[in-house]
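In case you want the letters, here they are:
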Amino acid sequence: MITMENIVRDGHPALRTVAEEVQLPASEEEIKQLSEMIEFVKNSQDPEIAKKYNLRPGVGLAAPQININKRMIAVHAESEDGTLYSYALFNPKIVSHSVQRCYLTSGEGCLSVDEPIPGYVPRYERIRVKGTTLEGENIDIRLKGYPAIVFQHEIDHLNGIMFYDHIDKENPLKQPENATPVGR
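Residues numbered from 1 in each chain as written. Predicted model: local features only at pLDDT ≥ 70, side-chain atom pairs only at ≥ 80, totals over all residues. Heavy atoms only, no water.

Caption draft 1: A look at the overall build of the protein chain. Within the protein chain, the regular secondary structure consists of three helices and eight strands. Helices (α) and strands (β) of the protein chain occur, in sequence order from the N terminus, as α-α-β-β-β-β-β-β-β-α-β. Relative to the globule expectation of 16 Å for 184 residues, the C-alpha radius of gyration of the protein chain, 16 Å, shows essentially globular dimensions. Seen through its principal axes, the protein chain has C-alpha atoms that stretch 45 × 35 × 35 Å. Sorting the 184 residues of the protein chain into buried and exposed places 48% on the buried side. In the protein chain, 72% of the contacts between residues at least 6 apart in sequence involve partners at least 24 apart. Summed over all atoms, the accessible surface of the protein chain reaches about 9,500 Å², with 49% contributed by carbon and sulfur. Of the charged side chains in the protein chain, 20 are positive and 27 negative; the average position of the first set lies 3 Å away from that of the second. (Helix = DSSP H or I, 4+ residues; strand = E, 2+ residues; numbered from the N terminus. Rg over C-alpha atoms; globule rule 2.2 N^0.38 Å. Buried < 20%, exposed > 50% of the residue type's maximum accessible area, 1.4 Å probe, protein only. Contact = heavy atoms within 4.5 Å. Areas by Shrake-Rupley, 256 points an atom, 1.4 Å probe, with all protein chains shown as cover. Lys, Arg positive; Asp, Glu negative; His and termini not counted. Charge placed at Lys NZ, Arg CZ, Asp CG, Glu CD.)

Here it is, written out as structure tokens:
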């Protein structure tokens, strides 16, 4: 079981390393790791389990955050209309995106970053992601708004990019151009 002790913190070299592709079909160990990642994200959102195991709530987790240099992400997040996007993916890849951007009005947080970092993080408003599920199925999903933001945040981790790298250093709270605000 993954706990907060397994999550590496900002400054750890794993967070700045480009993760390696998972050779498919995934090994039993990789399937177990990714299964535990999605379980962690779901557990972190359950108030009773989160309290019992001292988990910070999260909507996503990337393998580099638990010091595994592989292209694996787990996302469990609801869209603005209440649709649940729950995915555990090997080798997720953004294959297309909108010109239009969006950003979270509350800013972004990260399980690997203990302190809040104020600022708007511009993201693509709509993205298309391809990846492979735990069951070995190739999927192609279209995302917009909040789920698109979460997927981009996690896929950034696979490329050694942190959310605050996108924040305007001169004016962190300047509204990004051509961007729609997304409330959370």
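Moving on from the model shown.
Caption draft 2: Just helix α3 (residues 146–158), in detail. The end-to-end C-alpha separation of α3 is 19 Å, in line with the 18 Å expected for 13 residues at 1.5 Å each. Directly beyond the C-terminal end of α3, a positive phi value near 75° is found at G160. (Expected span 1.5 Å × (residues − 1).)

Caption draft 3: Local environment of the pattern of salt bridges. Counting across every chain of the model gives nine salt bridges. Here E30 makes a salt bridge to K70, at a shortest N to O gap of 3.1 Å. Within this pair, whereas E30 is found in helix α1 (residues 28–44), its partner K70 is found in the loop between β1 (60–62) and β2 (72–78), the two being separated by 40 residues in sequence. The partly exposed category is assigned to K70, whose relative accessible area is 24%. We note a salt bridge from E108 to R123, for which the minimum N-O separation is 2.9 Å. In this pair, E108 is assigned in the loop between β4 (101–104) and β5 (123–124) and R123 in strand β5, connecting sequence segments 15 residues apart. Here R123 falls in the buried class, since its relative accessible area comes to 3%. In this structure, a network of salt bridges that share partners links the residues R9, R56 and D114. (Salt bridge = Lys/Arg side-chain N within 4 Å of Asp/Glu carboxyl O.)

Caption draft 4: Spatial organisation of the sheet that holds β5. Read from one edge of the open sheet, three strands run β5-β4-β8, paired in mixed fashion. In this open sheet, the two edge strands, each paired with only one partner strand, are β5 and β8 (179–182). Summarising the sheet, β4 and β8 pair through four bridges and their orientation is parallel. Note on β8: the bridge partner recorded for Y103 is P181. (Pairing = 2+ DSSP bridges.)

Caption draft 5: Seen up close, the sheet that holds strand β3 (residues 84–97). Reading across from one edge, β1-β2-β3-β6-β7 is the order of the five strands in this open sheet, with antiparallel pairing throughout. Two strands close off the open sheet at either side, each with one partner strand: β1 and β7 (138–144). Going across the sheet, the axis of each strand differs from the next one's by a mean of 40°, ignoring polarity. Each of β1, β2 and β3 is contacted by α1, which is oriented at about 25° to β2, the strand it contacts most. (Axes fitted to C-alpha atoms, helices over the stretch in contact; angles between N-to-C directions.)

Caption draft 6: Focus on the nonpolar core. Counting residues in each nonpolar core, the largest one holds 22 residues, and the members touching the most others are I73, V129, L143 and F151. Every element with two or more residues in this core is listed here: β2, β3, β4, β6 (126–133), β7 and α3. The element contributing the most residues to this core is α3, with seven residues. Other than its neighbours up to four places away in sequence, I73 contacts L34, M37, L61, A62, Y87, A88, L89, P92, F151, E154, I155 and L158. (Core = buried A, V, L, I, M, F, W, Y, C linked by side-chain atoms within 4.5 Å.)

The analysis is restricted to geometry; functional conclusions fall outside its scope.
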